[in-house]
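Now for the letters of each chain:
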Amino acid sequence: MSDALTGLLSRDAFNEQARQAINSGITGLAVVWFNLDNFKMFNSRFGFERGDEILKEIALILDAIFSRDKYKNNLLARFSDDNFVVLTNWSYVEINVDRVQEYLYSLHEDVTLRLRAGIYFPSENEDVRRACDRAKLACDTIRRNYSISSCMFHDEMSREFRLQQYILNNLNSAMKQNKIGVLYQPIVKLSSGKVCETEALARWNTSGTEYGIITPGHFIPTLEKYREIYKLDIFIIQQVCRDYNSRKKRGLPLVPVSINLSRLDFELCDIISEIEKSVVLNDIPRNMLNIEITESVKDEDVTVLNLGIEKFRALGYEVWMDDFGSGYSSLNVLKDYDFDTIKFDMKFLHGFDINKSEKAKYIMTSNLSMARLMGMKALAEGVETREQFEYLTSIGFDKAQGYYFGKPMTLDEIFELERGVEI
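Values in this document were obtained by computation on a predicted structure and should not be read as measured data.

> Which residues make up the pattern of salt bridges, and what values go with them?
Per the stated rule, a full pass over the model turns up 25 salt bridges. Among the ionic pairs, Glu16 bridges to Arg19, the shortest N-O distance being 2.6 Å. With Glu16 and Arg19 both in helix H1 (residues 11-23) and 3 residues apart, the pair spans about one turn of that helix. Between Glu126 and Arg130 there is a salt bridge whose closest N-O contact spans 2.5 Å. The buried category is assigned to Glu126, whose relative accessible area is 7%. Beyond isolated ion pairs, a larger network of salt bridges with shared partners links Glu199, Glu292, Lys343 and Glu381.

Given below as structure tokens:
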């Protein structure tokens, strides 16, 4: 049975023939999963007919490079849309994968077409579906890495895959069972050295499982990738508002808190309405809740995100840009959006001695001056040393946060810090 468009094997036919090959005792086999980047966007721009022509061209390229005349055990298939799979000899697999990409580039110099590849070496009698899944997993790991076009599977990928599946399968139950909680990191006013605000940060405790504490660096990218991030963000917003209300009812002091939103929140739900519901329910002044949006917004988000930012500011919230300097489009983001505060990511100066490097000083002072000229306040995050603290104070930063001032903690612990709180 063959694929109607390309004439290659269908998924079912490939699985059956590959199973026979893997189980026959043939050694030195490799499964290669190919995926064409941004194929949906290509179809939208050039039309489905042109897209079909590209797919047929790729099939011809694969057939020429992985020809059964050269390698008798080779199998070529189109699994779905822009996904192709090859069973071949491992000896020349990397060279041949590179040749596929080079051939595709040479045919389409006017259009950037990138064919990513994941490579897996199955063991004898291994399930062919498992082998294909692992090749695909290797391919997926380089989705956003444009410096390489192929990747070989390794065991750590399996753990990452299992962790991703755990996150997706357990998000709802973790929120219901309060296994996901909120901690607060102090934000310090540099002129006084006292805490003036906090940032709410999510923490996921999976004690009793192999994962222990899952860090935001794992669960946030996963939830964004699978477009589930809005569920977490709404949950955190509700928890922050309840924490605020609890202290308010007890007559305890409070400072403004910032909450992090993903750009996807503006697409996947009515995030403004969700925040407003929690704010009204818990009787929170809007000037006590700041909205942080990461720098990694993209050009196509300009209209939707700008409308959201304008609505937030019109309602009385401050909107901050998080992680300035860590992404690829810092200046474009400043040009396209109106923010009240910019959070400068100190990680982009990693490796510099802030007191000795003139380049580091120039970067910081120039960006600070730019923020000032645009009417924005400046906050430095990721501050870890006294030298950084003193330097940022000397050049006029308003606020800072980082482990030098305190790790994420409970709200009660914030107000017990020796440095004090500026109400």
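> Mind laying out the layout of surface pockets, listing which residues take part and the relevant values?
In this structure, the second largest pocket occupies an estimated 300 Å³ of space. Lining the second largest pocket are 13 residues, and of these Asp133, Arg134, Lys136, Leu137 and Phe161 sit closest to its centre. Elements with a contribution of two residues or more to the lining of the second largest pocket: helix H5 (128-140) and helix H6 (155-176). Per-element tally for the lining of the second largest pocket: the top contributor is H5, with 6 residues. Considering only residue class, the lining of the second largest pocket consists of 3 nonpolar, 2 polar and 8 charged.

> Explain the sheet that holds strand E2 (residues 75-80) to me, using residue names and the numbers behind them.
Read from one edge of the open sheet, 5 strands run E2-E3-E1-E4-E5, paired in mixed fashion. Edge strands, defined here as strands with exactly one partner in the open sheet, are E2 and strand E5 (150-152). Pairwise comparison of adjacent strand axes, ignoring direction, gives a mean angle of 20° for this sheet. Where strand E4 (residues 115-120) and E5 come together, 3 bridges link them in parallel fashion. Residue pairing across strands places Ile119 opposite Met152, the latter belonging to E5. Strands strand E1 (29-36), E2 and strand E3 (83-89) of the sheet are contacted by H1, whose axis makes an angle of about 140° with E2.

> I'd love a proper account of the nonpolar core, names of residues and values included.
Of all hydrophobic cores here, the largest spans 76 residues; its most connected members are Ile271, Ile275 and Phe312. Tallying contributions element by element places helix H8 (residues 229-249) first for this core, with 9 residues. Ignoring any residue separated from it by four or fewer positions in sequence, one finds Ile271 in contact with Ile234, Ile237, Leu261, Asp265, Phe266 and Phe312.

Parameters at a glance
- Residues numbered from 1 in each chain as written.
- Predicted model: local features only at pLDDT ≥ 70, side-chain atom pairs only at ≥ 80, totals over all residues.
- Heavy atoms only, no water.
- Salt bridge = Lys/Arg side-chain N within 4 Å of Asp/Glu carboxyl O.
- Helix = DSSP H or I, 4+ residues; strand = E, 2+ residues; numbered from the N terminus.
- Buried < 20%, exposed > 50% of the residue type's maximum accessible area, 1.4 Å probe, protein only.
- 1 Å grid on protein atoms, 1.4 Å probe; cavity = no way out; pocket = protein on both sides within 12 Å on 5 of 7 lines; lining within 4 Å.
- Points joined across faces, edges and corners; volume = space filled by probe spheres on them.
- Nonpolar A, V, L, I, M, F, W, Y, C, P; charged D, E, K, R; others polar.
- Pairing = 2+ DSSP bridges.
- Axes fitted to C-alpha atoms, helices over the stretch in contact; angles between N-to-C directions.
- Contact = heavy atoms within 4.5 Å.
- Core = buried A, V, L, I, M, F, W, Y, C linked by side-chain atoms within 4.5 Å.

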